[in-house]
Amino acid sequence: MPSLFVIQGRDQGTRFQLDGATVTLGRGTSNAVQLHDTEVSREHAEFRKRGQAFVIRDLDSSNGTFVNGRQIKEQELASGDQLQLGRTLLLFTGVTEGRVEDLADKINIVTHQEEEDGSRIVHSMHQSEGSEILSMPPDNETSSPWLARARSNLQIMYRTALAVSHTLDIDQLLARIMEMIFEWVDADRGCIMLKEMETGVLVPKVRRHRSGLHSEERITISQTILDYVVDRNEGVLTSNARDDDRFDAAKSILRMGIREAICVPMQGRYDVVGVIYIDTSLTPQRMLQQGSVNKFNQEHLKLMIAIAHQAALAIEDTTYYKQMVQAERLAAIGQTIASLSHHIKNILQGVRGGSYLIEMGIKDHAKAIAADKVDVGSAEKAVSIMRKGWGIVEKNQERISTLVMDMLTFSKEREPVPEASNLNELVSDIVELMKARASEENVELIWLPAPTMPMLMFDPEAMHRAVLNIITNAIDACHDHNGGRVEVSTQHSQAEKMARVAIVDNGSGIEPDDLDKIFAVFVSRKGGRGTGLGLPVSQKILEEHNGRIRVESTMGEGSRFTMEFPAISPQPSSSGTMPAVRGSTNIEAVPADSSHG
Amino acid sequence: MNIAPSVLIVDASRERREVLRFLLERRGAKTLEAARPEDAIRLAREEHPDLIVFDAESDDSGSGDPSNDLREIADGNHTPIVILGKVRQLRNHFSAEQIVAKPYHYGPLIRKINSLLAAA
């Protein structure tokens, strides 16, 4: 979204998002962009969206609207434009434009041998000297011009710092820096190159030509100079004006003009991240006009070094931030894969065990047939081995299905599909389903349904999974305990408008330190049996129903999990009750407002 | 061999213990079972099994690695030990013959157990 950032004025530091087709700006409270500036009119200007672009229009304000220092009536804005209204200075940031141009074609880096330009270094300055831009002036220059320049430089640096600190988009940031440089330095062409992390090769990212110059023109940069800048971490000012004895300087200059360039390293906190290059040409005519052959001086070089440093810091921040996010993501994916592989491996082991038993049964049977010794006893024995194996295979098939369902539930951003359902029936089904598992673990499973349970709106499929996971956990908690007991009860509170499912076990209990970790994904205290997905999935489902899971636990005594969610009664006309009458032949005759239950 | 050899099965999964018990009993071995390494260490000391089969991956709840404790007892008793899983972590402490990667196939595992029991 396009935005305005107040660089100067009473609202300094405020960012306004330009949301909507028309956004008004002024001192009055009715404006979306309200500026506390007495020199801004009540209704000063408005922004209008025109296609992809944003246009600012002055609403006959008393003090006028200025874009990049020029008074305007109406003007299309570009990213990086500065608006002056009264005493307030604002920075406009548009939406990121897709950059289609392939810069590699537009900028040449020439090696030493093929340097046609013949530029050489006139001045070089260590990166650290860039900070001297604000240092004391030389003794002979204590008068006000220096002070004015220093102040203006300070402002440039301040604005650079502001500009770079408000974006995480590197391309946009570089474009803005280039634009600012062009505002302050009288350059003809410029480009910013960034070092590629893997290869260390400098890749052009942004280029700019002063308007009026043909933009198709290629920028030629000497590899020698780039190497010098990067390797020695020094900014350089080059000129191809030759004061070398071997050439007739005057003649050469008059024929070709002079090309001056500044190339500075972008030194960040840790490394040189790239270079900024600008250059300018002086035609013979202009040289004569201004009576000098130099356009760039050391002051420019200092300023450029300081700007490049600011930009580099911002780029490093952005890159490291992105890398950190990426690294975290990779670590999380790695953990997920490791955890899932472990469970799948165990399930596979179970399947292998089961199928090996089946294979044994088949072999035994085949052997008996071959030896012509098939009797009821041997056949029964073979079948019982196969049955045992088959039971194990089936159990593991159930496990993989649970794992997949939990993964799906956990990964999907899904909205629950509420249907009028009966919580007692739902839980009763689950208890029935879990009876076999409970008796296998010698755990008594007790079902205490609420005496009255109205039809409620919830997603029965999701709730089934949520309750099933908690009951499974409760049974597992009683594993290896004598007299293991799991009590499942439901409750409907008319007064609180809440429905609850409570699952109480007398198992091992949860360590107090672990209580806040149990809902974390892939954290399981069940050794090889838990996937670490059950509780997070249940919690997610309850949260989707605007409910929650409460846990109370005492070590050695057991735990109580209470799942509660708002009890919403089905509306008689809602679609939730439709399945009750669907299939009825006289469905047309049922009045929409009649109550079915 | 006159008396039936005894094998200690250490695995947190009852299902896997059951499969292995069935297969070992089929070939005439007696089995001892332990779900937890602590119980296994006790059983190994008291019962002197002829072989220990230990699933090193099934129990990750305890602190430290119990496989070394178990091996010390096994070494003291001159009992062969077969470790299931954790190939990479245990490679330096056990010989390649002692470790079987998971998921394993039962056929080769049983053959390995047979040959170790025959050698003992």
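Caption draft 1: Representation of the overall build of chain A. Summing up its helical and strand segments, chain A has 11 helices and 26 strands in all. Of all 597 residues assigned to chain A, the portion counted as buried reaches 45%. Here the analysis covers contacts within chain A between residues at least 6 apart in sequence; of these, 64% occur between residues at least 24 apart. Just so you have it, chain A exposes about 31,400 Å², and 51% of that area is on carbon and sulfur atoms.

Caption draft 2: Structural view of the overall build of chain B. The number of helices and strands found in chain B is 5 helices and 5 strands. Counting helices and strands in the order they occur from the N terminus, chain B gives β-α-β-α-β-α-β-α-β-α. For chain B, the residues scored as buried account for 48% of the 120 residues in total. Accessible surface, chain B: about 6,000 Å² in total, of which carbon and sulfur atoms supply 46%.

Caption draft 3: Molecular detail of the nonpolar core. All names here are of chain A. Among the nonpolar cores identified, the biggest contains 40 residues, and Leu 423, Ile 471 and Ile 503 are the most heavily contacted of them. Elements represented by at least two residues in this core include exactly helix H8 (423–440), strand S21 (443–448), strand S22 (456–458), helix H9 (460–477), strand S23 (484–493), strand S24 (498–505), helix H10 (534–544) and strand S26 (558–566). Sorting elements by how many residues they give to this core places H9 first, with 9 residues. Not counting residues within four places of it along the chain, the set of residues in contact with Ile 503 comprises Val 467, Ile 470, Ile 471, Ala 474, Val 486, Glu 487, Val 488, Ser 559, Arg 560, Phe 561 and Met 563. Val 164, Leu 237, Ile 278 and Phe 296 belong to the second largest nonpolar core, which has 38 residues in total.

Caption draft 4: Broad picture of helix H7 (residues 376–411) of chain A. Across its 36 residues, H7 of chain A extends 52 Å between first and last C-alpha, which sits within 8% of the 52 Å expected from 1.5 Å per residue. Residues of H7 of chain A that are buried include every one of Ala 382, Ile 385, Gly 389, Ile 392, Val 393, Asn 396, Leu 403, Asp 406 and Thr 409 of chain A, and no others.

Caption draft 5: Geometry of the pairing of S26 of chain A. Residues and elements named next belong to chain A. The element S26 is extensively covered by neighbouring structure, given that 7 of its 9 residues are classed as buried. Relative to S26, S24 runs antiparallel, the two being bridged by 8 bridges. Within S26, the position partnered with Ala 502 by the bridge is Thr 562. Linking two consecutive strands that pair antiparallel, namely strand S25 (residues 548–554) and S26, is a turn of 3 residues; a positive phi of about 85 degrees is found at Gly 556 within it.

Caption draft 6: Quick look at H9 of chain A. The terminal C-alpha atoms of H9 of chain A lie 26 Å apart, and with 18 residues this matches the ideal 26 Å at 1.5 Å per residue to within 8%. Capping the start of H9 of chain A is the job of one residue whose side-chain oxygen sits 3.2 Å from the backbone nitrogen of Glu 461 of chain A: Asp 459 of chain A.

Caption draft 7: Structural view of the interface of chain A and chain B. Listed as interface residues are 22 residues of chain A and, on the opposing side, 17 residues of chain B. Here chain A packs against chain B, burying approximately 2,000 Å² in sum over the two surfaces, 53% of which is carbon and sulfur. By the criterion of area lost to chain B, the three top residues of chain A are Gln 349, Arg 352 and Tyr 356 of chain A, representing 30% of everything that side buries. Inspection of the chain A/chain B interface yields 3 salt bridges. A salt bridge links Arg 399 of chain A to Glu 15 of chain B; its shortest N-O distance comes to 3.4 Å. Taken together, the links from chain A to chain B amount to 9 residue pairs in polar contact (both at pLDDT 80 or more). Elements with a minimum of two residues in the side of chain A that touches chain B: helix H6 (298–370) and H7 of chain A. At 12 residues, the largest contribution of residues to the side of chain A that touches chain B is made by H6 of chain A. Residues of the side of chain A that touches chain B, tallied by class, amount to 6 nonpolar, 8 polar and 8 charged.

Caption draft 8: Up close: the packing of H9 of chain A against H10 of chain A. Residues and elements named next belong to chain A. Axis separation between H9 and H10 bottoms out at 9 Å; the angle between their running directions is 145 degrees. In this structure, the crossing between H9 and H10 has a hand that is left-handed. Facing Ala 462, Met 463, Arg 465, Ala 466, Asn 469, Ile 470 and Asn 473 of H9, the residues of H10 in contact are Gly 534, Leu 535, Val 537, Ser 538, Ile 541 and Leu 542. Its residues placed into classes, the contact of H9 with H10 shows 8 nonpolar, 4 polar and 1 charged.

Caption draft 9: The arrangement of the sheet that holds strand S5 (residues 99–100) of chain B in detail. All names here are of chain B. Across the sheet, which stays open at both edges, the 5 strands sit in the order S2-S1-S3-S4-S5 with parallel pairing between neighbours. Both outer strands of the open sheet, strand S2 (30–34) and S5, are each paired with one neighbouring strand and no more. As paired strands, strand S4 (residues 81–84) and S5 are joined by 2 bridges and run parallel to one another. Note that in S5 the partner of Leu 84 across the bridge is Val 100. Against the sheet, helix H1 (residues 14–26) engages strand S1 (6–10), S2 and strand S3 (51–55), with an angle of about 165 degrees to S2.

Caption draft 10: Quick look at the sheet that holds S26 of chain A. All names here are of chain A. Taken in spatial order, the 5 strands make up an open sheet running S21-S23-S24-S26-S25, and their pairing is mixed. Two strands close off the open sheet at either side, each with one partner strand: S21 and S25. The mean inter-strand angle of the sheet, taken between neighbouring strand axes irrespective of direction, is 15 degrees. Those strands touched by H9 are S21, S23, S24, S25 and S26, and its axis lies near 20 degrees from that of S24.

Caption draft 11: The confidence of the model for chain B, seen in detail. When pLDDT is averaged along chain B, the result is 82, and 88% of the positions lie at 70 or above. Here the complex is predicted with pTM 0.55, and the ipTM for its interfaces comes to 0.87.

Caption draft 12: A nonpolar patch on the surface, seen in detail. All names here are of chain A. Together, Ile 344, Ile 400, Val 404, Met 405 and Leu 408 give the surface a local cluster of nonpolar side chains, amounting to about 360 Å² of exposed area. Sort the elements by how many residues they give to the nonpolar patch and H7 lands first, with 4 residues. Among the secondary structure elements, Met 405 is positioned in helix H7. According to the relative accessible area criterion, Met 405 is partly exposed, its value standing at 33%.

Caption draft 13: Main features of the packing of aromatic side chains. Across all of its chains, the model carries 5 aromatic pairs over all chains by this definition. Ring centres of Phe 54 of chain A and Phe 92 of chain A lie 6.3 Å apart, and the angle between their planes is 45 degrees; this geometry places the pair in the tilted category. Taken together, the positions of Phe 54 of chain A in strand S6 (residues 53–58) and Phe 92 of chain A in strand S11 (residues 88–93) put the pair 38 residues apart, joining distant regions of the chain. Of the two residues, Phe 54 of chain A and Phe 92 of chain A, both sit in the buried class. Geometrically, the ring pair formed by Phe 458 of chain A and Phe 565 of chain A is edge-to-face, given 5.5 Å between the ring centres and 70 degrees between the ring planes. Taken together, the residues span a long stretch of sequence, with Phe 458 of chain A in strand S22 and Phe 565 of chain A in strand S26 at a distance of 107 residues. The exposure class of Phe 458 of chain A is buried, given its relative accessible area of 0%. Joined through ring pairs, the aromatic side chains of Tyr 356 of chain A together with Tyr 104 and Tyr 106 of chain B make up one cluster. Its guanidinium or amino end placed over the ring of Phe 182 of chain A, Arg 208 of chain A lies 5.3 Å from that ring's centre, counting from NZ or CZ.

Caption draft 14: Summary view of unusual backbone geometry. That bond from Lys 102 of chain B to Pro 103 of chain B is cis: its omega, -5 degrees, falls within 30 degrees of zero. Position of Pro 103 of chain B relative to the elements: it lies in the loop between S5 and helix H5 (106–119). The backbone phi angle of Asp 60 of chain A is positive, close to 50 degrees, even though this residue is not glycine. Within the fold, Asp 60 of chain A resides in the loop between S6 and strand S7 (65–67).

Thresholds, definitions, all that
Residues numbered from 1 in each chain as written. Chains lettered and ligands numbered in written order. Predicted model: local features only at pLDDT ≥ 70, side-chain atom pairs only at ≥ 80, totals over all residues. Heavy atoms only, no water. Helix = DSSP H or I, 4+ residues; strand = E, 2+ residues; numbered from the N terminus. Buried < 20%, exposed > 50% of the residue type's maximum accessible area, 1.4 Å probe, protein only. Contact = heavy atoms within 4.5 Å. Areas by Shrake-Rupley, 256 points an atom, 1.4 Å probe, with all protein chains shown as cover. Core = buried A, V, L, I, M, F, W, Y, C linked by side-chain atoms within 4.5 Å. Expected span 1.5 Å × (residues − 1). Pairing = 2+ DSSP bridges. Polar contact = N/O pair within 3.5 Å; in protein donor to acceptor, adjacent residues only side chain to side chain. Buried area = accessible area lost by both parts, 1.4 Å probe. Salt bridge = Lys/Arg side-chain N within 4 Å of Asp/Glu carboxyl O. Nonpolar A, V, L, I, M, F, W, Y, C, P; charged D, E, K, R; others polar. Axes fitted to C-alpha atoms, helices over the stretch in contact; angles between N-to-C directions. Left-handed = near helix turned anticlockwise from the far one by under 90°. pLDDT = per-residue confidence, 0-100. Patch = residues over 30% accessible without salt bridge, like charges linked within 9 Å, V, L, I, M, F, W, Y side chains within 5 Å. Phe/Tyr/Trp six-rings, centres within 6.5 Å; stacked < 30°, edge-to-face > 60°. Lys NZ or Arg CZ within 6 Å of the ring centre and 35° of its normal.

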